[in-house]
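# Coordinate inspection notes
Single-letter residue listing:
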Amino acid sequence: MDGAALAARIRSELKQDVAELGDVGLATVLVGDDPGSEIYIRLKHKAAGEVGIRAIDKRLPADTSEDDLLELVGELNEDDSVDGILVQTPLPSQIDEARVMLSIEPMKDVDGLHPFNAGQLFFGHQTLVGATPVGIMRLLDEYRIPVEGAHAVVVGRSLIVGRPVAMLLLHANATVTIGHSRTQDLARHTRAADILVAAVGKVGIITAEMVKSGAAVIDVGINRTDDGLHGDVDPGVAEVAGHLTPVPGGVGPMTIACLLENALRAARYRRGALAFPRI
Ligand code: NDP
């Protein structure tokens, strides 16, 4: 499944929509200097620039206190020129991620991590949903993978990938199993999957013996090793799977394209072009 090609198409449509709306501002906040996070931020800014989204780059040192980060988020919440806010994770250990996510104005929460947006998803409504889970669903749709009635197995239960994608699959009427580090006999579950999503962060943890013949396999993992980038799915799975996303060029570019779509969506909410649900 060619995520790079689909993402390029999404970005070119987005460019027109952004031009029509006028100015869209996306603020990213990076705390510390984790090399992986720096690469993600750079890619996000480059892609934003290409579609005409104004990216605002906020950086804080690794020893930043939680209060100082909350103050910055508060300023971005108040800043009318900022439509979307993304706080790059992981955050340093002195900072409670949940408190930070709670502090982001829900209408600007382009990662869909504020409990309001996460709760909306739980209820079956899509307001702002994380870019990676949305990107995965778009890929399944593009390649006409039947989701309704299918057995989907998601390995990984993070707030940013595993849980929201499981929820989207459930809303699309898949039967969903979620695996994690305490799952016993993971292969027994994965072998039953028509759709297998691997979001673990361990090179090659999904091997060919763990995959049903013809299954659609989505490799979310991005693992940097001395010999380059690797996914969570072992290359041997290509022999068994009906569809497979490559790493790189699969879910990664979809995440970036869908993040930019979320920034546009947030800008539409803020301008009243879309109604943001309010209690
Ligand atoms: P997290 O570390 O937050 O979550 C990993 C999950 O994998 C946890 O739920 C953990 O279980 C589970 N896990 C760990 N070991 C095992 C195991 N042996 N068997 C089964 N499950 C296991 O990671 P993220 O969700 O943030 O990211 C996952 C991967 O996806 C990473 O490689 C990351 O870089 C990549 N990623 C890629 C993106 C893209 O755009 N392509 C976007 C976001 C992430 P438990 O909960 O029990 O600890």
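Residues numbered from 1 in each chain as written. Predicted model: local features only at pLDDT ≥ 70, side-chain atom pairs only at ≥ 80, totals over all residues. Heavy atoms only, no water.

### Digging into the site of the ligand
- Around the ligand, the surrounding shell holds 22 residues, and the nearest of these are R157, S158, S181, I222 and T255.
- Between the ligand and R157, the relevant distance is 2.7 Å, taken from an oxygen atom to a side-chain nitrogen or oxygen of the residue.
- Backbone polar atom of H180 to a nitrogen atom of the ligand: 3.5 Å apart, as the coordinates give it.
- About the coverage of the ligand: the protein hides 71% of its 930 Å² of free accessible area.
- Ranked by the residues each element gives to the shell around the ligand, the list is headed by helix α9 (residues 251-270), at three residues.
- Its residues assigned to classes, the shell around the ligand comprises ten nonpolar, ten polar and two charged. (Near = heavy atom within 4 Å. Polar contact = N/O pair within 3.5 Å; in protein donor to acceptor, adjacent residues only side chain to side chain. Areas by Shrake-Rupley, 256 points an atom, 1.4 Å probe, with all protein chains shown as cover. Helix = DSSP H or I, 4+ residues; strand = E, 2+ residues; numbered from the N terminus. Nonpolar A, V, L, I, M, F, W, Y, C, P; charged D, E, K, R; others polar.)

### A few points about the packing of helix α6 (residues 131-142) against helix α7 (residues 162-171)
- It is the contact of α6 with α7, at a shortest axis distance of 8 Å, that shows an interaxial angle of 40 degrees. Here α6 is positioned oblique relative to α7, judged by the angle of their axes. Relative to α7, the crossing made by α6 is right-handed. Within the contact between the two elements, α6 uses P133, V134, I136, M137 and L140 and α7 uses P164, V165, L168 and L169.
- Its residues placed into classes, the contact of α6 with α7 shows nine nonpolar, no polar and no charged. (Axes fitted to C-alpha atoms, helices over the stretch in contact; angles between N-to-C directions. Parallel < 35°, antiparallel > 145°, perpendicular 65-115°, else oblique. Left-handed = near helix turned anticlockwise from the far one by under 90°. Contact = heavy atoms within 4.5 Å.)

### Observations regarding the domain arrangement of the chain
- By the assigned domains, the chain splits into domain 1 (6-117 + 254-269) and domain 2 (131-251).
- A separation of 25 Å is found between the C-alpha centroids of domain 1 and domain 2.
- Facing the 14 residues of domain 1 at the interface are 13 residues of domain 2.
- Both sides of the domain 1 and domain 2 interface together cover about 1,200 Å² of buried area, and 56% of this is carbon and sulfur.
- Together, L6, M254 and T255 form the three largest contributors to the area buried by domain 1 at its contact with domain 2, with a combined 38%.
- Where domain 1 touches domain 2, the interface holds two salt bridges.
- Here E261 and R138 are joined by a salt bridge, their closest N and O atoms 2.8 Å apart.
- The set of elements that each furnish at least two residues to the side of domain 1 that touches domain 2 consists of α1 (3-21), α2 (35-51) and α9.
- Considering every element that reaches the side of domain 1 that touches domain 2, the biggest residue donor is α9, with six residues.
- In the side of domain 1 that touches domain 2, the residues fall into eight nonpolar, three polar and three charged. (Domains from an automatic or database assignment. Buried area = accessible area lost by both parts, 1.4 Å probe. Salt bridge = Lys/Arg side-chain N within 4 Å of Asp/Glu carboxyl O.)

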